[in-house]
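A structural walkthrough
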Amino acid sequence: RLPREKPPPKPRPPTRWEQFARLKGIRRKKKTSLVWDEQAKEWRRRWGYRRAGGDPSRAWLAEVPAGADPEEDQFARLRREKRERVARNELNRLRNLARAHRAGSAVPAAPLHPTGHQDRDELRTVARVARVSTASLGRFQPRLPKESAEPPSRSGGKKRRFEPLLGNLAAERSRQLELLRDMGSKKPVLDITRAVNKQLRQEEAEAAAANKGKKQSKRGKRGRRQQRPGRSGKKSGARRQPQQQKKAAGGGSG
Amino acid sequence: MRPLTEAETRAVFEKLGKYIGENIQLLVDRPDGTYCFRLHRDRVYYLSEKLLKLAASVPRESLVAPGTCFGKFTKSQKFRLSVTALDFLAPYAKYKVWVKPGSEQSFLYGNHVLKSGLGRITENTAQYQGVVVYSMADVPLVSAGPRRGWGGQGLGHPPSPPPRPQGFGVAAKSTQECRKVDPLAIVVFHQADVGEYVRNEDTLT
């Protein structure tokens, strides 16, 4: 026997009838394939060629039921009702199919139920999903005390945002005056990121130098002679250049 | 139309500062009204609050120019000052250059100012300092080198018309060097002149 070519089918959600049947406790009755036809006195198949009830297309008599209109065409009524039954069946089949398809693509609800073993990032994601799962997409949801006030942008911070056109003009003016003051003063303005990066780079350089020192002492004279040209050539030169540029840029813009 | 970002404001103020120094705050903070800078299609405009509110109701495609265009941002985000800012910057200019009537026409056609055409220049002008170029037309006493004062006005001469700003420039040489160079050396690089109103009529806003 060969192994399966395609993966086994995924379990699909129960249809409306299956739900109802489970509720009521209705079980499937196994039907026999042959039925005893009293008229023909033999076993005929349930449906199909030479079925038990006779050929329905050759039925020549259609009784008018008790309360029906005498003028109505019974054959037409039978045909119409059959068509309606078929159509309803098809509609329900498609509905079940759509329901199964929708259920498969929706976000599984398992993460939204707290288990007590979730880590902080998972809980944050889940909280965000829960907040956004309202009719207004979370716009009017009250926030927790420690949650950030500004809702995270849907584009993930990619779109540029500008000041409003007719915003507070007095505030804009004061901001510009302050900018002018900063530009006018000769001292370079402290840029936190730059200062921190510079500090980190210095520390890294010191650590590297310390490591190199240790290696040199182990190798002895030969190691020192071999390593020195490399040290003075590439690394320290490259390290000096960005520092010089930074200092020049810091002094020029101030 | 939108307000300038922090970086854009800094670039504009740096450029303006080259010409008028710390007098920019007189432009930003005016006693006779609230004026602001706005960006429209990469051009920086200077307009009053009243005009801003009117311009805000015009659709972007139809809006040609709100206020006065001071300059534009190039594709590489450098700010380029245009001649339409002259009337606002000239009164506050710190360093001025006066051009003789003979070479005034040449400057208005877009050429640089040579030493032979230089009338006067403010003292202590550094090299590559932004200057405003004035004309010296109808001035009775004109000499080749730079001078401090007017010298005697003379008797019976008609009063000279007030010097009108002709454009912007960048000093190619400092005042001290200007005295020593030969007459055909460039002393002021041309940046913008009022002749552009005729030459670039189609593209000025």
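Above this text sits the structure in question.
Just so it is clear, the model here is predicted, and its values are computed rather than measured. (Residues numbered from 1 in each chain as written. Chains lettered and ligands numbered in written order. Predicted model: local features only at pLDDT ≥ 70, side-chain atom pairs only at ≥ 80, totals over all residues. Heavy atoms only, no water.)

**Quick word on the pairing of strand E3 (residues 43–48) of chain B**
Working note: regular strand, side chains alternate between the two faces of the sheet. Residue and element names in this part refer to chain B. Across the six residues of E3, five count as buried, placing the element largely inside the fold. Two elements, strand E2 (residues 35–40) and E3, share six bridges in a ladder whose sense is antiparallel. Across the sheet, the residue bridging to Tyr 35 is Ser 48, located in E3. Counting the residues that bridge the hairpin from E2 to E3 gives two residues, and of these Arg 41 lies at a positive phi of roughly 55°. Bridging between E3 and strand E4 (residues 68–73) involves four bridges; their strand directions are antiparallel. Bridge pairing links Val 44 to Gly 71 in E4. (Buried < 20%, exposed > 50% of the residue type's maximum accessible area, 1.4 Å probe, protein only. Helix = DSSP H or I, 4+ residues; strand = E, 2+ residues; numbered from the N terminus. Pairing = 2+ DSSP bridges.)

**Focus: helix H5 (residues 101–108) of chain B**
Residue and element names in this part refer to chain B. Taken together, the buried positions of H5 are Glu 104, Phe 107 and Leu 108. Take H5 and look down its axis: the buried residues cluster within an arc of 95°, on one side only. Structurally, H5 contributes buried residues whose contacts are with strand E6 (96–99), strand E7 (113–114), strand E9 (130–135), strand E10 (165–171), strand E11 (186–193) and helix H7 (196–199). (Arc of directions from axis to C-beta. Contact = heavy atoms within 4.5 Å.)

**Regarding the packing of helix H4 (residues 169–184) of chain A against helix H1 (residues 6–20) of chain B**
Angle between the axes and distance between the axes are the two parameters that describe a pair of packed helices. The N-to-C vectors of H4 of chain A and H1 of chain B enclose an angle of 60°; their axes lie 11 Å apart at closest approach. Relative to H1 of chain B, the element H4 of chain A lies oblique. In terms of crossing hand, the pair formed by H4 of chain A and H1 of chain B is right-handed. Residue-level inspection shows Gln 176, Leu 179, Leu 180 and Met 183 of chain A of H4 of chain A in contact with H1 of chain B, the latter providing Glu 6, Thr 9, Arg 10, Phe 13 and Glu 14 of chain B. Classifying every residue of the contact of H4 of chain A with H1 of chain B by side-chain character gives four nonpolar, two polar and three charged. (Axes fitted to C-alpha atoms, helices over the stretch in contact; angles between N-to-C directions. Parallel < 35°, antiparallel > 145°, perpendicular 65-115°, else oblique. Left-handed = near helix turned anticlockwise from the far one by under 90°. Nonpolar A, V, L, I, M, F, W, Y, C, P; charged D, E, K, R; others polar.)

**Considerations on a positive patch on the surface**
On the surface, a cluster of positive charge is made up of Arg 28, Lys 29, Lys 30, Lys 31 and Arg 46 of chain A. Within the fold, Lys 31 of chain A resides in the loop between helix H1 (16–24) and strand E1 (34–37). (Patch = residues over 30% accessible without salt bridge, like charges linked within 9 Å, V, L, I, M, F, W, Y side chains within 5 Å. Areas by Shrake-Rupley, 256 points an atom, 1.4 Å probe, with all protein chains shown as cover. Salt bridge = Lys/Arg side-chain N within 4 Å of Asp/Glu carboxyl O. Lys, Arg positive; Asp, Glu negative; His and termini not counted. Charge placed at Lys NZ, Arg CZ, Asp CG, Glu CD.)

**Quick look at the sheet that holds strand E5 (residues 79–81) of chain B**
The pairing of strands in a sheet happens through backbone hydrogen bonds and is either parallel or antiparallel. Reading across from one edge, E1-E2-E3-E4-E5 (chain B) is the order of the five strands in this open sheet, with antiparallel pairing throughout. Both outer strands of the open sheet, strand E1 (2–3) and E5 of chain B, are each paired with one neighbouring strand and no more.

**Examining helix H2 (residues 74–105) of chain A**
Residues and elements named next belong to chain A. Helix length check: H2 (32 residues) gives 47 Å between terminal C-alpha atoms against 46 Å at 1.5 Å per residue, within 8%. When H2 is considered as a whole, its buried residues turn out to be Gln 74, Arg 77, Asn 96 and Ala 100. Packed against the buried residues of H2 are H1. Its side-chain oxygen at 3.2 Å from the backbone nitrogen of Phe 75, Asp 73 defines the N-terminal cap of H2. (Expected span 1.5 Å × (residues − 1). Polar contact = N/O pair within 3.5 Å; in protein donor to acceptor, adjacent residues only side chain to side chain.)

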